[in-house]
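This is what each chain is made of:
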Amino acid sequence: MKTTELAVPRLGVGAVIRNDRGEILMVLRNREPEKDTWSIPGGKIDIYETMEHGVVREIKEEVNLDIAVIGVLCTAETIQPEKAEHWVSVIYEAEIVGGELRNMEEGGAIGAIDWFPLHRLPDKLASFTTAAVAALRQQK
């Protein structure tokens, strides 16, 4: 980080989206932060954008799904000073209301997309996804 840059936390959003079998949609991250981890889809909030609008937009941009937000599942914080990263994320539960699942960032930010049952998740999860999974397990 340049000494002239202001270091502030960044805001992100993510969505836990389940299919009719109760499996969770995840994407394999191809870029930092947390490259090569499985994550719920989401991304950063744009300036003057509401959190709910941001999560709806990010899901459409990443996986081509139209979603309706059900509610806030949890918040998550990722702090990695060694990488000059500090993210605060709001994680929503959402349902699919349209679109066709497709990797819109193939060869870019997303390496793969897949559905996973809560009891059989991939080993390498992004930190904010770990928080979402913990919140889901507390619901049961």
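Residues numbered from 1 in each chain as written. Predicted model: local features only at pLDDT ≥ 70, side-chain atom pairs only at ≥ 80, totals over all residues. Heavy atoms only, no water.

**With respect to the packing of aromatic side chains**
With the rule as written, the count across this model stands at 1 aromatic pair. Relative to Phe 116, the ring of Trp 38 lies with its centre 5.0 Å away and its plane at 75°, an arrangement referred to as edge-to-face. Note that Trp 38 is positioned in strand β3 (residues 38–39) and Phe 116 in strand β7 (residues 110–116), a separation of 78 residues in sequence. (Phe/Tyr/Trp six-rings, centres within 6.5 Å; stacked < 30°, edge-to-face > 60°. Helix = DSSP H or I, 4+ residues; strand = E, 2+ residues; numbered from the N terminus.)

**Quick look at the sheet that holds β3**
Here we have 3 strands laid out as an open sheet, ordered β3-β2-β7, and antiparallel in their pairing. Where the open sheet ends on each side, the last strands, each with one partner, are β3 and β7. The sheet contact formed by strand β2 (residues 24–29) and β3 spans 2 bridges and is antiparallel. Along β3, the bridge assignment pairs Leu 28 with Trp 38. (Pairing = 2+ DSSP bridges.)

**Points about the pattern of salt bridges**
A complete count under the given rule lists 10 salt bridges for this structure. Ionic pairing is found between Asp 20 and Arg 21, a salt bridge with its closest N-O pair at 3.7 Å. A salt bridge links Glu 61 to Arg 57; its shortest N-O distance comes to 3.1 Å. Of the two residues, Glu 61 and Arg 57 are both situated in helix α1 (residues 51–63); the distance of 4 residues between them amounts to about one turn of the helix. Taking the relative accessible area as the measure of exposure, Glu 61 reaches 40% and is therefore partly exposed. (Salt bridge = Lys/Arg side-chain N within 4 Å of Asp/Glu carboxyl O. Buried < 20%, exposed > 50% of the residue type's maximum accessible area, 1.4 Å probe, protein only.)

**Quick notes on unusual backbone geometry**
That bond from Glu 32 to Pro 33 is cis: its omega, 0°, falls within 30 degrees of zero. Not every positive phi belongs to a glycine, and Asn 64 is a case in point at roughly 65°. Its location among the elements puts Asn 64 in the loop between α1 and β5 (65–80). With a relative accessible area of 12%, Asn 64 lands in the buried category.

**Brief notes about α1**
For α1, built from 13 residues, the straight-helix expectation of 18 Å at 1.5 Å per residue is met to within 8% by its first-to-last C-alpha distance of 18 Å. Where α1 is concerned, the buried positions are Gly 54, Val 55, Arg 57, Glu 58, Ile 59, Glu 62 and Val 63. Structurally, α1 contributes buried residues whose contacts are with β1 (10–17), β2, β4 (42–44), β5, β6 (85–99) and β7. Count one or two residues on from α1 and you reach Asn 64, which has phi positive near 65°. (Expected span 1.5 Å × (residues − 1). Contact = heavy atoms within 4.5 Å.)

**Structural notes on the environment of Phe 128**
With respect to the element layout, Phe 128 can be found in helix α2 (residues 127–139). Through-space distance from the C-alpha of Phe 128 to that of Glu 62 is 17 Å; in sequence the pair is 66 residues apart. Ignoring sequence-local partners within four residues, the contact set of Phe 128 consists of Arg 29, Glu 34, Ser 39, Ile 40, Ala 76, Thr 78 and Ile 91.

**Here's the deal with the nonpolar core**
Among the nonpolar cores identified, the biggest contains 18 residues, and Val 16, Ile 24, Ile 40, Leu 73, Ile 91 and Ala 132 are the most heavily contacted of them. Here this core gets 5 residues from one element, more than from any other, and that element is α2. Ignoring any residue separated from it by four or fewer positions in sequence, one finds Ala 132 in contact with Val 16, Ile 40, Leu 73, Cys 74 and Ile 91. In this structure, Ile 17, Val 55, Val 90 and Trp 115 belong to the second largest nonpolar core, which totals 16 residues. (Core = buried A, V, L, I, M, F, W, Y, C linked by side-chain atoms within 4.5 Å.)

**Focus on the sheet that holds β5**
The 4 strands lie next to each other as β4-β1-β6-β5, forming an open sheet whose pairing is mixed. One side of each edge strand has no neighbouring strand; the edge strands of this open sheet are β4 and β5. Across the sheet, the mean angle from the axis of one strand to that of its neighbour is 20°, orientation sign disregarded. Note that β1 and β4 share 3 bridges and pair antiparallel. Looking at β4, one finds that Gly 12 is bridged to Lys 44. Along the sheet, α1 contacts β1, β4, β5 and β6; its crossing angle with β5, the most-contacted strand, is approximately 100°. In the packing of α2 onto the sheet, the strands contacted are β1, β5 and β6, and the crossing angle to β5 comes to about 115°. (Axes fitted to C-alpha atoms, helices over the stretch in contact; angles between N-to-C directions.)

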